[in-house]
Amino acid sequence: MRTSSRRRGAALAALLAALSPAVHALDISNADFYRCVQGDCRNGQGIVHDMYQNQMLEGNWQGSKTIPGQRYLVSHPLTKGKKYEQFYGADGLMDRGSQIRGFGAMNIVPVFTGSFGRMDHAFMRARLAVPYEGVYAMGNGIEYRGRFDYMPAKGTEAGRITMGHTIFYGDKVDLEDNSKETGLFVSNSAVVGGGVVMFMPARPDYMALLQQQYQRDLQIAVGDFKQQESEKAWRTAFAILGEVALVMAGSSGSGSGGSGNRFAMDLVGGLMKNATAPESPAGSAGSADPSARLIQLVTGAALGKVAGDSTLSNSLAKAVASGIEKSGAAGK
Amino acid sequence: MHRLTPNFPRCFLLGLAAMASFGAQALEFPNPPQPEAQALVKRFQADYTRIKADPNYFKPPPTPMAMPCEVPQRELYTPLGLHMAIPEEAEKIRLMTRKQLRDMGMDPDTAAKPMQYNNIRITPIKAACAAGKLDGEAEFLVQFDTLMENSNNINLGAKTVKMTMKMMTQQASRYFLSFKDGKIQDGDKYHVTQLSMRNETLYDDAQMAATMSKTKIPDAPEPQVSLTYMNFGAGQMATFTVSMAPKISAGLFGVNTSFQQQLDSHFTTGLGQSLNRMEMYKNGKLFMTSETPMKNGKYHGEQVQVQENYLKASGMRLDQMPGMEKARLVTVNGVEMLETRNCFIAGVLTKAQTCPKD
């Protein structure tokens, strides 16, 4: 009995790990975005190609992640061989150094060099590294030197693409005509870490307008998240059911078909019940992933009902973990 | 029995020619509310029919007249739309554009190459001089070619592809002006321009060139014709452009393009005054209106634009589109349109909740 509890606990731990919110720390094991081009990019010295931003990143890797305080070098085809330094924190996010904004760059690449702060992006439910203090050089002789801040934006739909406004206060320096303009500048909402940030002069009252929009978008995001959570829960449920069906097919004739089917029905029934439940209150969207909580509760309850059959319980726990893993991969 | 006037055969033939040149498509004309604009639409209809019926309208006369007196190039180029062909003026514009492009995060060395003017020919059709200077009503035929070229580097993984875009035009215009003592006079004036455009994009990568050739949009099969009516003293200008607009659809082996005749009409009032108003129509449909306060010749104050709700076509809400903090949906003549507000301070687009009025 104790063994089967432990197994259920392990399955649920795997479930929670698989459904935890996206973390924006650099993880070069993600083959969709990164390709190791030289050396050891798992546990050693290696060069990795960031295919999304078309950058090369070289340094020491530990478990395909950055090592806090170590120096990494980043370059881009348009930097013509020049390499920029980067240093990461214990959370895997950038602490200081240069960020090349190479996405969609055409003859020149803008580079921010300085320190980075942390921002909890309410619309992506993730923590990001954002420019804090330094120089944003556009690569064409215009530089923004001073203090940066960031305001998350919803974009087309919350939870899809990391968007936000970069806010700057300091000196806009034009090295070509030796002019300087000091003041507040705000960008249109742009993809974080992606393409060119284009600043426009702003009056202080514009910040109030952005704040109002942020609050409005938080309300809209509640609906966006609920829809996505529902889709995610169903995607996970179907993946689990698929794996459960395989287990049941393998154990047919053992007399455990009824328990397995009950498990499947309890899972679907639990999800249906949740889908028709009243909406969660506004502002709860940014807390722990409700989809993960729901799957945890429903599968926990369902596994409890087959606890008498330890072999089946064990097989179903594995099937649940496998289903969750597959649904997570499909939902990327 | 009615007697035919002596002009009948000529009018009949002109009418037939006009019908033939319009083909199966008839132009849809706008119906602006302002009486002045309505009058201009009527005038355009008559002028366009006459111009399309005359195959020699944009050709020099068989025996062209000589310029009646020597006119400095600058005095002639500016009123005849060749301001940018004067090297010093082109340089001023280039420097201004360079700054704007850099502010927009672009590389000015590739993006800001000035337009090249070639093969400029100015033929007086009607011109007279007094005391050695242009004087009185005048008409000129202006012909020239332009070339605008820019290059960009596109990053494709490990390789960088150089893309060179060439935009070439052949233009011929008839200008109707009035001079006094060599200087252009205020009052009604207009010009008609025929423009043929050819675009070419080159890649220094054979694979890229082959891929892009499948999605190339062909050049318009007919030149576009624009008629511009101006009265700067009254702050008014109207432009009517008839062009062949491409209609693109996906095909089995690339894109399919067909062309439809389109009329774009722009009405501007308040030129040189404190409030510049613009109305734009696509065929008979109101497409966009704009009101911009002006100060010292620059945008200054809150610009209000109302345009076709393009978000509706893609099923998007206002909050799903970046940069719409100050936008709202409004109804104009029973049609839902998108209103956006931008703040300009001394010509610079500035983010603001409340835009200064002075």
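Owing to the predicted nature of the structure, the values given are computational and were not obtained by experimental measurement. (Residues numbered from 1 in each chain as written. Chains lettered and ligands numbered in written order. Predicted model: local features only at pLDDT ≥ 70, side-chain atom pairs only at ≥ 80, totals over all residues.)

Asker: Tell me about the overall build of chain A, and please be specific about residues and values.
Answerer: Looking only at helices and strands, chain A has five helices and 14 strands in total. Split into buried and exposed, the 332 residues of chain A put 38% on the buried side. By sequence separation, contacts in chain A at least 24 residues apart represent 54% of the contacts at least 6 residues apart. (Helix = DSSP H or I, 4+ residues; strand = E, 2+ residues; numbered from the N terminus. Buried ≥ 20, exposed ≤ 12 C-beta atoms within 10 Å, placed from the backbone. Contact = placed C-beta atoms within 7 Å.)

Asker: Describe the overall build of chain B, naming the residues involved and giving the relevant values.
Answerer: Scanning chain B from terminus to terminus reveals seven helices and 17 strands. Taking the principal axes of the C-alpha coordinates as reference, chain B spans close to 70 × 55 × 55 Å. Relative to all contacts within chain B whose residues are 6 or more apart in sequence, the contacts with residues 24 or more apart total 53%.

Asker: Which residues make up the nonpolar core, and what are the values?
Answerer: All names here are of chain A. In this structure, Ala129, Val130, Phe168, Phe185, Val186 and Phe199 are the most contacted members of the largest nonpolar core, which totals 50 residues. Every residue in contact with Ala129, bar those within four places of it in the chain, is listed here: Leu93, Met94, Phe116 and Arg118. Of all hydrophobic cores here, the second largest spans 14 residues; its members include Ala239, Val247, Leu316 and Val320. (Core = buried A, V, L, I, M, F, W, Y, C linked by C-beta atoms within 7 Å.)

Asker: Run through the interface of chain B and chain A, naming residues and quoting values.
Answerer: Counting residues at the interface gives 26 residues for chain B and 34 residues for chain A. If you list the elements that add at least two residues to the side of chain B that touches chain A, you get α4 (87-103), α5 (108-111), β4 (136-156) and β17 (348-350) of chain B.

Asker: Before we move on, could you go through unusual backbone geometry and cite the residues and values that matter?
Answerer: With a phi angle near 65 degrees, Ser64 of chain A is a residue other than glycine that sits in the positive phi range. Look at Ser64 of chain A and you get partly exposed, because 17 C-beta atoms sit within 10 Å. One non-glycine residue, Asn119 of chain B, adopts positive backbone phi at about 55 degrees. Note on Asn119 of chain B: 9 C-beta atoms within 10 Å, which makes it exposed.

Asker: For α4 of chain B, give the residues involved together with the corresponding values.
Answerer: Compared with an ideal rise of 1.5 Å per residue, which puts 17 residues at 24 Å, α4 of chain B spans 24 Å between its outermost C-alpha atoms and is within 8% of the ideal. At the exit of α4 of chain B stands Gly105 of chain B, carrying a positive phi of roughly 80 degrees. (Expected span 1.5 Å × (residues − 1).)

Asker: Let's hear about the pairing of strand β9 (residues 126-137) of chain A: which residues, and what values?
Answerer: As a general feature of sheets, a regular strand has side chains that alternate between the two faces. Residues and elements named next belong to chain A. The pairing of strand β8 (residues 111-121) with β9 spans eleven bridges and is classified as antiparallel. Across the sheet, Phe116 pairs through a bridge with Pro131, a residue of β9. Taken together, β8 and the strand that follows it, β9, pair antiparallel across an intervening segment of four residues, in which Arg125 is found at a positive phi of about 50 degrees. In terms of strand pairing, β9 meets strand β10 (residues 142-153) through five bridges, oriented antiparallel. Bridged to Glu133 within β10 is Arg147. The turn linking β9 back onto β10 is made up of four residues, and Gly139 within it adopts a positive phi angle of 85 degrees. (Pairing = 2+ DSSP bridges.)

Asker: Can you lay out the confidence of the model for chain A for me, pointing to particular residues and giving the numbers?
Answerer: Residues and elements named next belong to chain A. Confidence in the prediction of chain A, expressed as mean pLDDT, is 79, and 74% of residues score 70 or more. Confidence, read as mean pLDDT per element, is least for helix α1 (residues 2-19) in chain A (44) and greatest for strand β6 (residues 84-88) (97). Long-range and interchain partners of residues 7-23, a stretch whose pLDDT sits below 50, account for 37 contacts in this model, where long-range means more than four residues apart. Under a pLDDT of 50 for its full length, residues 280-287 has, in the predicted model, eight contacts with residues more than four places off or in other chains. (pLDDT = per-residue confidence, 0-100.)

Asker: Please give an account of the confidence of the model for chain B that cites residues and values.
Answerer: For chain B, per-residue confidence averages 87 on the pLDDT scale, and residues scoring 70 or more make up 91% of the total. Here the predicted complex carries an ipTM of 0.79, next to a pTM of 0.76.

Asker: Describe helix α2 (residues 35-52) of chain B, listing the residues and the values that go with them.
Answerer: All names here are of chain B. Given a rise of 1.5 Å per residue, 18 residues ought to cover 26 Å, and the 26 Å separating the end C-alpha atoms of α2 matches this to within 8%. Turning to α2, its buried residues are Leu40, Phe44 and Tyr48. Projection of α2 onto a plane perpendicular to its axis shows the buried side chains occupying an angular sector of 65 degrees, all on one side. In this structure, α2 carries Pro35, Ala39, Lys42, Ala46 and Arg50 as exposed residues pointing more than 90 degrees from its buried face. Elements that come into contact with the buried residues of α2 comprise β8 (224-231) and β9 (236-251). (Arc of directions from axis to C-beta.)

Asker: Go over the environment of Met212 of chain B, please, and point to the residues and values.
Answerer: Residue and element names in this part refer to chain B. The residue Met212 is located in helix α6 (residues 206-213) in this model. Taking C-alpha positions, Met212 is 9.0 Å from Thr201, a pair spaced eleven residues apart along the chain. With near-sequence residues (within four places) excluded, Met212 lies in contact with Thr201 and Tyr203.

Asker: With reference to specific residues and values, describe the environment of Leu26 of chain A.
Answerer: Residues and elements named next belong to chain A. Following the sequence through the fold, Leu26 ends up in the loop between α1 and β1 (34-39). Overall, Leu26 belongs to the buried group, with 22 C-beta atoms counted inside 10 Å. Remark: the alpha-carbon pair of Leu26 and Asp91, spanning 65 residues in sequence, is separated by 9.3 Å. Setting aside residues no more than four positions away along its own chain, Leu26 makes contact with Lys65, Thr66, Tyr88 and Gly92.

Asker: Go over the environment of Leu329 of chain B with me, naming the residues and quoting the values.
Answerer: Residue and element names in this part refer to chain B. Among the structural elements, Leu329 can be located in strand β15 (residues 328-332). Note on Leu329: 13 C-beta atoms within 10 Å, which makes it partly exposed. Spatially, the C-alpha atoms of Leu329 and Leu318 are 8.2 Å apart, while their sequence positions differ by eleven residues. With sequence-adjacent residues up to four places away left out, Leu329 is seen in contact with Asn309, Leu318, Glu336 and Leu338.

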